[in-house]
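Next come the chains, spelled out residue by residue.
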Amino acid sequence: AQSVTQLDSHVSVSEGTPVLLRCNYSSSYSPSLFWYVQHPNKGLQLLLKYTSAATLVKGINGFEAEFKKSETSFHLTKPSAHMSDAAEYFCVVSTRSGNTPLVFGKGTRLSVIA
Amino acid sequence: IAGITQAPTSQILAAGRRMTLRCTQDMRHNAMYWYRQDLGLGLRLIHYSNTAGTTGKGEVPDGYSVSRANTDDFPLTLASAVPSQTSVYFCASSEMGQGYNEQFFGPGTRLTVL
């Protein structure tokens, strides 16, 4: 079965410093992986996706993620945090299954300190 | 282009009452989904529809029903609401089902059952 684990429930960084949000996945086949962001009282917005093309994926707002099959990881990074990056981030794996097409991680709350 | 709209934005409901949450998309996506989001539990799939005229059960379907009479609309009905159904409900759509494509989310409906 496919699963995803977000290693940190809360990450706090200072404005202008790098961001690292960690995600490990489990999949019996080459997965599709996604990162979504949710700002307070909003819906989820797609940041980026990996679908077996380039292993380094660039997304919106300066975020990127690297697919590492040997480590079963898909960590999200950004070189310099901005106050507007404060939000909840979800790592998601596809399952190719009809009744649970996407499996969501529990989320990582990113706080950005001025 | 609106994407996905949900109504109402929020609702307070007495236990035992019937409630229908509305969801409409204008992207002509084949697949649609209903999730509930609860603190500490992330997003859980309630029901899904891979194409108009078909529906399926997700991870937490009990107490909920859906219909998919056309491509654009995917209403979620609580036949007799209970307090444990207090949650934020998100509707989503994707070009195809089975997790091959990213999902696009609506803004959510905050439901409180007293």
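Look a little higher up for the structure.
Residues numbered from 1 in each chain as written. Chains lettered and ligands numbered in written order. Predicted model: local features only at pLDDT ≥ 70, side-chain atom pairs only at ≥ 80, totals over all residues. Heavy atoms only, no water.

1. Considering the state of the cysteines
Residues and elements named next belong to chain A.
Here is step 1 of the chain: Under the definition given, this model contains two disulfides over all chains.
Here is step 2 of the chain: Here cysteine 23 pairs with cysteine 91 through a disulfide, and the sulfurs are 2.0 Å apart. The sign of the -70° torsion about the S-S bond sets the cysteine 23-cysteine 91 disulfide as left-handed. Placement of cysteine 23 in strand E4 (residues 23-26) and of cysteine 91 in strand E10 (residues 87-94) is noted, with a sequence separation of 68 residues between them.
Here is step 3 of the chain: Classification of cysteine 23 as buried rests on a relative accessible area of 0%.
Here is step 4 of the chain: Exposure remark for cysteine 91: the relative accessible area of 0% places this residue in the buried category. (Disulfide = S-S within 2.5 Å. Helix = DSSP H or I, 4+ residues; strand = E, 2+ residues; numbered from the N terminus. Buried < 20%, exposed > 50% of the residue type's maximum accessible area, 1.4 Å probe, protein only.)

2. A look at the interface of chain B and chain A
Here is step 1 of the chain: Taken together, the contact pairs 23 residues of chain B with 21 residues of chain A.
Here is step 2 of the chain: Buried area between chain B and chain A, summed over both chains or domains, comes out near 1,700 Å², and the portion from carbon and sulfur atoms is 57%.
Here is step 3 of the chain: Here chain B and chain A share one salt bridge between them.
Here is step 4 of the chain: Residues lysine 49 of chain A and glutamate 102 of chain B are paired through a salt bridge, measuring 2.8 Å at the closest nitrogen-oxygen approach.
Here is step 5 of the chain: On the surface where chain B and chain A come into contact, there are four residue pairs in polar contact (both at pLDDT 80 or more).
Here is step 6 of the chain: Of all the elements in the fold, those that place two or more residues in the side of chain B that touches chain A are strand E4 (31-38) and strand E5 (42-49) of chain B.
Here is step 7 of the chain: Counting residues per element, the side of chain B that touches chain A draws most heavily on E5 of chain B, at four residues. (Contact = heavy atoms within 4.5 Å. Buried area = accessible area lost by both parts, 1.4 Å probe. Salt bridge = Lys/Arg side-chain N within 4 Å of Asp/Glu carboxyl O. Polar contact = N/O pair within 3.5 Å; in protein donor to acceptor, adjacent residues only side chain to side chain.)

3. Observations concerning the side chain of threonine 77 of chain B
Residue and element names in this part refer to chain B.
Here is step 1 of the chain: Checked against the element boundaries, threonine 77 lands in strand E8 (residues 76-78).
Here is step 2 of the chain: Threonine 77 sits in the buried class, given a relative accessible area of 11%.
Here is step 3 of the chain: Within polar-contact distance, the side chain of threonine 77 engages the side chain of threonine 20 at 3.0 Å.
Here is step 4 of the chain: With residues near it in sequence (within four places) discarded, threonine 77 still touches Arg18, Met19, Thr20, Gly63, Tyr64 and Ser65.

4. Points about the environment of glycine 106 of chain B
Here is step 1 of the chain: One can find glycine 106 of chain B in the loop between strand E10 (104-105) and strand E11 (109-113).
Here is step 2 of the chain: A relative accessible area of 2% places glycine 106 of chain B in the buried class.
Here is step 3 of the chain: Setting aside chain neighbours within four positions, we find glycine 106 of chain B in contact with Gly43 of chain A together with Ile4, Gln6, Phe90 and Cys91 of chain B.

5. A look at the pattern of salt bridges
If charged atoms from side chains of opposite charge come close, those side chains can pair.
Here is step 1 of the chain: All told, the structure shown has seven salt bridges over all chains when counted by the stated rule.
Here is step 2 of the chain: A salt bridge links arginine 22 of chain A to aspartate 8 of chain A; its shortest N-O distance comes to 3.0 Å. A residue pair is termed long-range when its members are at least 10 positions apart, and arginine 22 of chain A in the loop between strand E3 (19-21) and E4 and aspartate 8 of chain A in the loop between strand E1 (3-6) and strand E2 (10-14) qualify at 14 residues.
Here is step 3 of the chain: Residues arginine 36 of chain B and aspartate 38 of chain B are paired through a salt bridge, measuring 2.8 Å at the closest nitrogen-oxygen approach. Each member of the pair arginine 36 of chain B and aspartate 38 of chain B is classed as buried.
Here is step 4 of the chain: Through salt bridges with shared partners, a single ionic network connects Arg36, Asp38 and Arg44 of chain B.

6. So, the nonpolar core
Residues and elements named next belong to chain A.
Here is step 1 of the chain: Grouped together as the largest cluster of nonpolar side chains are 26 residues, with contacts concentrated most on Trp35, Leu48, Phe74, Leu76 and Tyr89.
Here is step 2 of the chain: A per-element tally of this core places E10 first, with four residues.
Here is step 3 of the chain: The residues contacting tyrosine 89, other than those within four sequence positions of it, are Gln6, Leu21, Trp35, Tyr36, Val37, Leu47, Phe63, Leu76, Gly107, Thr108 and Leu110. (Core = buried A, V, L, I, M, F, W, Y, C linked by side-chain atoms within 4.5 Å.)

7. Structural notes on the packing of aromatic side chains
Here is step 1 of the chain: On inspection of all chains with the given rule, the structure shows twelve aromatic pairs over all chains.
Here is step 2 of the chain: With a centroid separation of 5.7 Å and an interplanar angle of 40°, the aromatic rings of tyrosine 35 of chain B and phenylalanine 105 of chain B are classed as tilted. Residue tyrosine 35 of chain B is found in strand E4, and its partner phenylalanine 105 of chain B is found in strand E10; the two are separated by 70 residues along the sequence.
Here is step 3 of the chain: Residue classification places phenylalanine 105 of chain B among the buried positions, given a relative accessible area of 11%.
Here is step 4 of the chain: Aromatic ring contacts, followed pair by pair, group Phe34, Tyr36 and Phe104 of chain A together with Tyr33, Tyr35 and Phe105 of chain B into a single cluster. (Phe/Tyr/Trp six-rings, centres within 6.5 Å; stacked < 30°, edge-to-face > 60°.)

That's the geometry; what it means functionally is another story.
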